[in-house]
Amino acid sequence: SAFAGATATPSDSGFAAYNPASIAGIDRAEMSASITGVFPSVSYANANATLLGFAPVAGAPSGDTVVNDNFVPNISIAAPLNDRLTIGLVANATFGLKTDFASDSIVRYQAQHSELTVLEVTPMAAFEVSPALSLGAGLRIQHMDLSLTSVIDAGGIAAANMIPGFLPGGNDLPAAFDAKDVAIGYTVGLQANLTPRLHVGSSYLSKISHDLDGDARFDLASSPAAQILNGAVGLFAADRFTSDLATPATASLGLRYAASERFTLLGSARLMFWSSFDVVSLTFNDGATPVETVTQDWKNSWLLSVGGEYEASKATTLRAGFMFDESPVNDAFATPRIPDGDRYWLAAGITQDLGDKLSADIGLAYAFFSDRPIN
């Protein structure tokens, strides 16, 4: 249903990732497991660039398969301790990114391989204050894994420093950066029956700040220009780097309105506080390699969705939805590493009960992306 009503779905462990209050009111232990395949089609075209303001960058001006296929897992378990208190655990992938550009691409000096994987485990508890109100909270244990590769114009740096025999774009230096970190955050939520037909839910996920400390590798053997710069002033001798990176806080509101015995209207609004993603800086440990700083200056972004749920029979439920998913990327600082744009989702799915203790779901969503101009 394009996430419509997800925060407001009660007594269902499968929605605990959206709102910890969702596990309140279940009458027995539950487990929900899912996997979502993501199959993007992203390409770039009409790329051109210069080095040092005058030397044209040679290479491919267009390419496909910029964003790779991926699979996103989720597992939730919950069990009641008594009539009012329920405990649970969610394990899921909350944020992710994987983009690749060919080694001969014109944009190779801005982006090569970029991969970010954020896995999270959240123990939680929910309490049914009354039949009309439930509260929930959880501790988010978040693991971040960052992997980047870059191409540095060592020939251009050498030429700019009057070292003979080198030209811009003529002597590239490959580099790779890898880091991991674990940090802690929290989530809180509530669900309430405002009327016999209207059920609402709200949740908040905290910002989580990561202090990354990882490996830096400069392939000096492949670049004579880099070797000379290294010997002369110590450039590219670093083997470690540090960086600060935060995943954003999120506030969500959802509703479910029983329009009839069989049909339920769904709605959701989510605000992601991406403005915390301001500058990405890599600081190296050799004292000579300058800090690598990329300004992002992202904006807070909205996700708005509407949908419906129809009980076709006691065992079969049909759902559909539409979502507008706003991109947080600032046009002025957009980079090839994150070629994001506003998204418009169409989604539909079905739930089939296979007995008193087992049900299966399948859903399909198609997202239209707006083009992203990058300067």
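Located above this text is the structure these notes cover.
First things first, this report covers the structure right here in the doc. (Residues numbered from 1 in each chain as written. Predicted model: local features only at pLDDT ≥ 70, side-chain atom pairs only at ≥ 80, totals over all residues. Heavy atoms only, no water.)

### Structural notes on the nonpolar core
Phase 1: In terms of nonpolar packing, the biggest core is built from 36 residues, with Phe-177, Phe-218, Phe-236 and Phe-284 touching the most fellow members.
Phase 2: Listing elements by their share of this core, those giving two or more residues are strand S6 (113-130), strand S7 (133-152), helix H1 (154-160), strand S8 (173-193), strand S10 (208-218), helix H2 (224-233), strand S11 (240-247) and strand S14 (279-284).
Phase 3: With residues near it in sequence (within four places) discarded, Phe-218 still touches Ile-152, Leu-173, Pro-174, Ala-175, Phe-177, Phe-236, Ala-238, Phe-284 and Thr-289.
Phase 4: Of all hydrophobic cores here, the second largest spans 13 residues; its members include Ile-106, Val-107, Tyr-109 and Ala-111. (Core = buried A, V, L, I, M, F, W, Y, C linked by side-chain atoms within 4.5 Å. Buried < 20%, exposed > 50% of the residue type's maximum accessible area, 1.4 Å probe, protein only. Helix = DSSP H or I, 4+ residues; strand = E, 2+ residues; numbered from the N terminus. Contact = heavy atoms within 4.5 Å.)

### A closer look at a negative patch on the surface
Phase 1: Residues Glu-261, Glu-311, Asp-353, Asp-356 and Asp-361 make up a contiguous surface patch of negative charge.
Phase 2: Along the chain, Asp-353 turns up in strand S18 (residues 343-353).
Phase 3: Classification of Asp-353 as partly exposed rests on a relative accessible area of 35%. (Patch = residues over 30% accessible without salt bridge, like charges linked within 9 Å, V, L, I, M, F, W, Y side chains within 5 Å. Areas by Shrake-Rupley, 256 points an atom, 1.4 Å probe, with all protein chains shown as cover. Salt bridge = Lys/Arg side-chain N within 4 Å of Asp/Glu carboxyl O. Lys, Arg positive; Asp, Glu negative; His and termini not counted. Charge placed at Lys NZ, Arg CZ, Asp CG, Glu CD.)

### Focus on a nonpolar patch on the surface
Phase 1: A surface patch of nonpolar side chains, about 750 Å² in accessible area, is lined by Met-31, Ile-75, Ile-77, Leu-89, Val-121, Leu-139, Ile-141, Val-182 and Ile-184.
Phase 2: Elements with a contribution of two residues or more to the nonpolar patch: strand S4 (70-80), S7 and S8.
Phase 3: Structurally, Leu-89 can be placed in strand S5 (residues 85-100).
Phase 4: Taking the relative accessible area as the measure of exposure, Leu-89 reaches 33% and is therefore partly exposed.

### Some points on the environment of Val-188
Phase 1: Assignment of secondary structure puts Val-188 in strand S8.
Phase 2: The exposure class assigned to Val-188 is partly exposed, which follows from its relative accessible area of 36%.
Phase 3: Sequence separation between Val-188 and Ala-125 is 63 residues; the distance between their C-alpha atoms is 9.7 Å.
Phase 4: For Val-188, the residues in contact, after removing those within four places along its chain, are Pro-20, Gly-136, Ala-137, Ser-202, Ser-203 and Tyr-204.

### Examining the pairing of strand S17 (residues 316-325)
Phase 1: With 9 bridges connecting them, strand S16 (residues 301-311) and S17 associate as antiparallel partners. Counterpart to Val-306 in the pairing with S17 is Phe-322.
Phase 2: In this antiparallel pair of consecutive strands, S16 and S17, the connection spans 4 residues.
Phase 3: Relative to S18, S17 runs antiparallel, the two sharing 10 bridges. Directly across from Arg-319, in S18, lies its bridge partner Gly-349. (Pairing = 2+ DSSP bridges.)

### With respect to the packing of aromatic side chains
Phase 1: In total, this model carries 17 aromatic pairs according to the counting rule given.
Phase 2: Summarising the aromatic geometry, the rings of Phe-15 and Tyr-18 are spaced 6.1 Å apart at their centres and angled 45° between planes, so their arrangement reads as tilted.
Phase 3: When its relative accessible area of 31% is taken as the criterion, Tyr-18 is described as partly exposed.
Phase 4: Between Trp-274 and Phe-277, the ring centres sit 6.3 Å apart and the planes meet at 65°, which makes this aromatic pair edge-to-face.
Phase 5: These aromatic residues form a ring-pair network of at least three members: Phe-177, Phe-218, Phe-236, Phe-241 and Phe-284. (Phe/Tyr/Trp six-rings, centres within 6.5 Å; stacked < 30°, edge-to-face > 60°.)

### Remarks on the pattern of salt bridges
Phase 1: For the structure shown, the criterion picks out 11 salt bridges.
Phase 2: Taking the shortest distance from any N to any O, the salt bridge between Arg-343 and Asp-325 comes out at 3.1 Å. Of this pair, Arg-343 sits in strand S18 while Asp-325 sits in strand S17, and the two are 18 residues apart along the sequence.
Phase 3: A relative accessible area of 12% means that Arg-343 is categorised as buried.
Phase 4: Connected through salt bridges with shared partners, the residues Asp-213, Asp-215 and Arg-240 form a single ionic network.

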